[in-house]
Amino acid sequence: MSPKATVKLPLYGVLMVEAVIFGFAIGALFDLGHGSFAIAFGIVAIINRTILLTQKMQP
């Protein structure tokens, strides 16, 4: 995930780590009572990741 990492993690590994991190963040937002913000955050994160992958902007 770091640009200077000595070992490159495959794309599926990066996506799994991101899914776990963003999943916890979305879960925390739901738990705090910010359900609509959590949904919006999740949608924006998915759209952002999709754009990065389709435009080949993944480092």
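This text goes with the structure placed above it.
All values reported here derive from a predicted model rather than from experimental measurement. (Residues numbered from 1 in each chain as written. Predicted model: local features only at pLDDT ≥ 70, side-chain atom pairs only at ≥ 80, totals over all residues. Heavy atoms only, no water.)

**Considering the overall build of the protein**
Quick note on the threshold: The secondary structure listing takes helices from DSSP runs of H or I that are at least 4 residues long and strands from runs of E that are at least 2 residues long, numbered from the N terminus. Each radius of gyration reported is based on C-alpha atoms, and the globular scaling rule is 2.2 Å times the count of residues to the power 0.38. Buried, partly exposed and exposed residues are distinguished by accessible area as a fraction of the type maximum, computed with a 1.4 Å probe on protein chains only: under 20%, between the cut-offs, and over 50%, respectively. All accessible-area figures derive from a Shrake-Rupley calculation using a 1.4 Å probe, and residue coverage is judged against the displayed protein chains alone.
Along its length, the protein carries 2 helices and 0 strands. Over its C-alpha trace the protein gives a radius of gyration of 13 Å, far above what one expects of a compact globule, namely 10 Å for 59 residues. Its C-alpha atoms put the protein at 40 × 25 × 15 Å along the principal axes. Within the protein, the proportion of its 59 residues that are buried is 15%. Surface summary for the protein: the accessible area is close to 4,800 Å², and the carbon and sulfur share equals 74%.

**What to know about the layout of surface pockets**
Note the threshold: In this analysis a 1.4 Å probe is tested at points of a 1 Å grid over the protein atoms alone, and where it fits but cannot get out there is a cavity; an open set with protein on both sides within 12 Å along at least five of seven lines is a pocket; lining residues have an atom within 4 Å of a point. Grid points are joined across faces, edges and corners, and a volume is the space filled by probe spheres set on the points. Just so you know the grouping, Ala, Val, Leu, Ile, Met, Phe, Trp, Tyr, Cys and Pro go in nonpolar, Asp, Glu, Lys and Arg go in charged, and all remaining residues, Gly too, go in polar.
As a volume, the largest pocket reaches approximately 250 Å³. Surrounding the largest pocket, Leu 15, Glu 18, Ala 19, Phe 22, Gly 23, Ile 26, Gly 42, Ala 45, Ile 46, Asn 48, Arg 49 and Leu 52 form its lining. For the lining of the largest pocket, the elements supplying multiple residues, two or more each, are helix H1 (11–31) and helix H2 (35–54). Within the lining of the largest pocket, the residues separate by chemical class into 7 nonpolar, 3 polar and 2 charged.

**Considerations on the environment of Ala 19**
Within the secondary structure, Ala 19 is located in helix H1. Judged by relative accessible area, which is 46%, Ala 19 ranks as partly exposed.

**Overview of the packing of H1 against H2**
Inclusion rule: Helix axes are fitted only over the stretch in contact, all axes being lines through C-alpha atoms; the angle between N-to-C directions runs from 0 to 180 degrees. These descriptions rest on fixed angle ranges, namely under 35 degrees for roughly parallel, over 145 for roughly antiparallel, 65 to 115 for roughly perpendicular, and the rest for oblique. Left-handed is the label given to a crossing in which the near helix is rotated counterclockwise from the far helix by less than a right angle, and right-handed is the label when the rotation is clockwise. Any two residues whose heavy atoms approach within 4.5 Å are treated as being in contact.
With their axes 8 Å apart at the nearest point, H1 and H2 run at an angle of 165° to one another. When the axes of H1 and H2 are compared, the pair comes out roughly antiparallel. Between H1 and H2 the crossing geometry is right-handed. Packed against H1, whose contacting residues are Leu 11, Val 14, Leu 15, Glu 18, Phe 22, Ala 25, Ile 26, Leu 29 and Phe 30, the element H2 presents Gly 35, Phe 37, Ala 38, Ile 39, Phe 41, Gly 42, Ala 45, Arg 49 and Leu 53 at the interface.

**Topic: the environment of Val 14**
Here Val 14 is to be found in helix H1. Between the C-alpha atoms of Val 14 and Leu 29, which are 15 residues apart in sequence, the distance is 23 Å.

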